[in-house]
Amino acid sequence: MDTEFETLLYGQQFKKLYEKMSNLITEKYGLHKVEIEILLFLKKGKGDTARDIAENKFFSKAHISHAIDHLMECGYLVGKLDGQDRRCVHLVLTGEAEPVCEELLKMRENLMNTVCQGITEEERLMMRQVAKKIACNISKELM
């Protein structure tokens, strides 16, 4: 396999850059990586339960539970019981979370601009399509 392709798939360099860019926000707000990922996940509206987070972000349930508790203590999240299933709690971002989420979204935008310098919109679209196929292939193998 090509070294560059492996580098892309493993994502270690990207991970380091992401951590470098997100450190200012995590330090400013006293949050951990899992917590900022949960805030971003909820902000993007891809789900609203701990189960949704676990299925999409691949964090352990213990990490998710601890992170949710901390985010609630900070006033960034509230839990609302499901009307049909009392075991299900829907997580809702509060107004307190908005400034944090806005900074996180801006940081992510800057990150993508940095990573995609010199890449055309057509190439970005192609990369998204290929990445979706790779993710699907990996998911199939893990099942």
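Look a little higher up for the structure.
Here the structure is a predicted model, which means the values were calculated and not measured. (Residues numbered from 1 in each chain as written. Predicted model: local features only at pLDDT ≥ 70, side-chain atom pairs only at ≥ 80, totals over all residues. Heavy atoms only, no water.)

**With respect to the packing of helix H3 (residues 33-44) against helix H5 (residues 61-73)**
Link 1 in the chain: Between H3 and H5, the least distance of the axes is 9 Å, while the angle of their chain directions is 75°. Regarding the angle of H3 to H5, the classification is roughly perpendicular. Counting all contacts with H3, which are made through Val34, Glu35, Ile38 and Leu39, the residues of H5 involved are His63, Ile64, Ala67, Ile68, His70 and Leu71. (Axes fitted to C-alpha atoms, helices over the stretch in contact; angles between N-to-C directions. Helix = DSSP H or I, 4+ residues; strand = E, 2+ residues; numbered from the N terminus. Parallel < 35°, antiparallel > 145°, perpendicular 65-115°, else oblique. Contact = heavy atoms within 4.5 Å.)

**Focus on unusual backbone geometry**
Link 1 in the chain: Here the phi dihedral of Phe58 falls at roughly 60°; this positive angle occurs in a residue that is not glycine.
Link 2 in the chain: Of note, Phe58 is situated in the loop between helix H4 (50-57) and H5.
Link 3 in the chain: Residue classification places Phe58 among the exposed positions, given a relative accessible area of 66%. (Buried < 20%, exposed > 50% of the residue type's maximum accessible area, 1.4 Å probe, protein only.)

**Concerning the packing of H3 against helix H6 (residues 98-115)**
Link 1 in the chain: Axis separation between H3 and H6 bottoms out at 10 Å; the angle between their running directions is 95°. Our classification of the angle between H3 and H6 gives roughly perpendicular. Here Ile36, Glu37, Leu39, Leu40, Lys43 and Lys44 of H3 come into contact with H6, specifically with Glu98, Val100, Cys101, Glu102, Leu104, Leu105 and Arg108.

**Looking at the nonpolar core**
Link 1 in the chain: Of all hydrophobic cores here, the largest spans 26 residues; its most connected members are Ile38, Leu39 and Leu104.
Link 2 in the chain: Counting residues per element, the ones that place at least two in this core are helix H2 (12-29), H3, H5, strand S2 (89-93) and H6.
Link 3 in the chain: When residues of this core are assigned to their parent elements, the largest contribution, 7 residues, is made by H3.
Link 4 in the chain: For Ile38, the residues in contact, after removing those within four places along its chain, are Ile53, Ile64, Ala67, Ile68 and Leu71. (Core = buried A, V, L, I, M, F, W, Y, C linked by side-chain atoms within 4.5 Å.)

**A few points about the side chain of Glu37**
Link 1 in the chain: Following the sequence through the fold, Glu37 ends up in helix H3.
Link 2 in the chain: At 2.3 Å, the side chain of Glu37 and the side chain of Tyr18 are in polar contact.
Link 3 in the chain: Here Glu37 is in contact with Tyr18, Lys57, Phe59 and Arg108, once residues within four sequence places are set aside. (Polar contact = N/O pair within 3.5 Å; in protein donor to acceptor, adjacent residues only side chain to side chain.)

**Quick notes on the packing of aromatic side chains**
Working definition: an aromatic ring pair is given by the centre-to-centre distance plus the angle between the planes.
Link 1 in the chain: Enumeration over the complete set of coordinates arrives at 1 aromatic pair.
Link 2 in the chain: Aromatic side chains Phe14 and Tyr18 sit 6.4 Å apart centroid to centroid with 25° between the ring planes, which places their arrangement in the stacked category. Taken together, the residues span about one helical turn, with Phe14 and Tyr18 both in helix H2 at a distance of 4 residues.
Link 3 in the chain: For Tyr18, a relative accessible area of 6% translates into the label buried. (Phe/Tyr/Trp six-rings, centres within 6.5 Å; stacked < 30°, edge-to-face > 60°.)

**Describing the pattern of salt bridges**
Link 1 in the chain: If you walk through the whole model with that rule in mind, you get 8 salt bridges.
Link 2 in the chain: The salt bridge involving Arg87 is made with Asp85; its shortest N-O contact spans 3.1 Å. (Salt bridge = Lys/Arg side-chain N within 4 Å of Asp/Glu carboxyl O.)

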